[in-house]
Amino acid sequence: MVELLREKGPLTRADLARLSGLSRSMVSTIVGELISEGLAVEGDEASGRRHQVGRPGVLVSLNPEAGVVVGVDVGHRRVLVAVANLSHEVLAEVGRDLPLDHGPSTTLDLVAELVREVLEEAGVRWGSVVGVGVGLPAPFEAGTGRIHPSSLAPSWGEVRPVEELRRRLRLPVYVENDANLAALAELVWGAGRGSRDAACVVVSDGIGAGLIVDGRLYRGAMGTAGEIGHTVMDEYGPICRCGNRGCLEMLAGVPAVLELLRPSRGPDLTVGRMLRLAAEGDAACRRAIEDAGRLIGIAVANLCNLFNPERVIINGELSGAGEVLLGPLRASLGRCALPVAATAEVVPGQLGARATVLGGVALVLRETDSFVAPPRGGKPKGVTERTTKGEANR
Ligand SMILES: [Zn+2]
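Each value, and the rule that gives it
- Residues numbered from 1 in each chain as written.
- Predicted model: local features only at pLDDT ≥ 70, side-chain atom pairs only at ≥ 80, totals over all residues.
- Heavy atoms only, no water.
- Helix = DSSP H or I, 4+ residues; strand = E, 2+ residues; numbered from the N terminus.
- Buried < 20%, exposed > 50% of the residue type's maximum accessible area, 1.4 Å probe, protein only.
- Phe/Tyr/Trp six-rings, centres within 6.5 Å; stacked < 30°, edge-to-face > 60°.

A. The arrangement of unusual backbone geometry in detail. The residue Asp 214 is not glycine, and still its phi comes out positive at about 50°. One can find Asp 214 in the loop between strand 11 (207-213) and strand 12 (216-218). Using a relative accessible area of 48% as the deciding quantity, one classes Asp 214 as partly exposed. One non-glycine residue, Asn 308, lies in the positive phi region at around 50°. Residue placement: Asn 308 occurs in the loop between helix 10 (283-307) and strand 13 (311-315). Overall, Asn 308 belongs to the partly exposed group, its relative accessible area being 45%.

Following this line, the structure appears as structure tokens:
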């Protein structure tokens, strides 16, 4: 019920019954409980629905005052923080560049500072925060609460980001890798809406994918599902941060593409400038991006053979190149995947640089479903269980 209201906005009880498949009396009971819990409100905005026969339905919506959710995107170079209400309306956003030699402790301090800042800017009380969803640019082991040891700078290996942030913020904290969050956000608000099986490939400094299988995020046994950037493309290629050689991200990640272009396009070439030059028709920039697209397409073809998604969403900095990247990527997919698997639609993401931070918001809203949404026909759980669930933090 709550999920429907989140997804579709204000609805009448009749709409809720039709969409949920529950009886009208059951819907009325659940809505009544949600309203008494303060999680839903009734509005008198039914005027726009007069086409309905009989008494115009009163619209039910989630109570925007029932709480707020904070999303955090810890990137390689920048931290973004957003606060949204339970109706998914973003109330404020702040961002700051990370210092060049940032370590885990200074980064987490900055996150805490920005959370304070964003709540202040939105004029929101600390106590109304339901949870904080954080995206990190590395696979996160939900079981151990740590960043996957082999993936980032060794300094992050021993850090437990959930505990560290909970200590700093005294709020329920949920951590997930950035590509998974981007996938979640695209599924809820962006290019993935309406799909049951989708992959969201994020092409930035690293390359990662978030996999949506049967409408849910697929994490795998250890949380490393979707690490498409470490597909070996050239066994004797350059050594990757993971310790392997010739991984996709060493050949098609943003730093690799820039490196190819710097001898001819200048040592200070940035992603933004490269994308502008490519859009203006610069042959070298287009070629470098096209080749990255071809390589990524091979890995995406393997992914499509394994998971058979209906849609592949391309996100991240390099997706700013649009068709220059996507065209060759589609061609590789067509050439390398089984014909049926290759029918996956390849589309650009719609949320751009905000995908991960919005995914943080979506993560908390999903993770907290168990206390916000009453079980079918059952009694909604009380507000006091919020913290319990947050502390459990699976
Ligand atoms: Zn690697």
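B. Geometry of the packing of aromatic side chains. On inspection of all chains with the given rule, the structure shows 1 aromatic pair. Where Tyr 218 meets Phe 307, the ring centres are 5.9 Å apart and the plane angle is 55°; that geometry is what we call tilted. On the criterion of sequence distance, the pair formed by Tyr 218 in strand 12 and Phe 307 in helix 10 is long-range, its members being 89 residues apart. Overall, Tyr 218 belongs to the partly exposed group, its relative accessible area being 38%.

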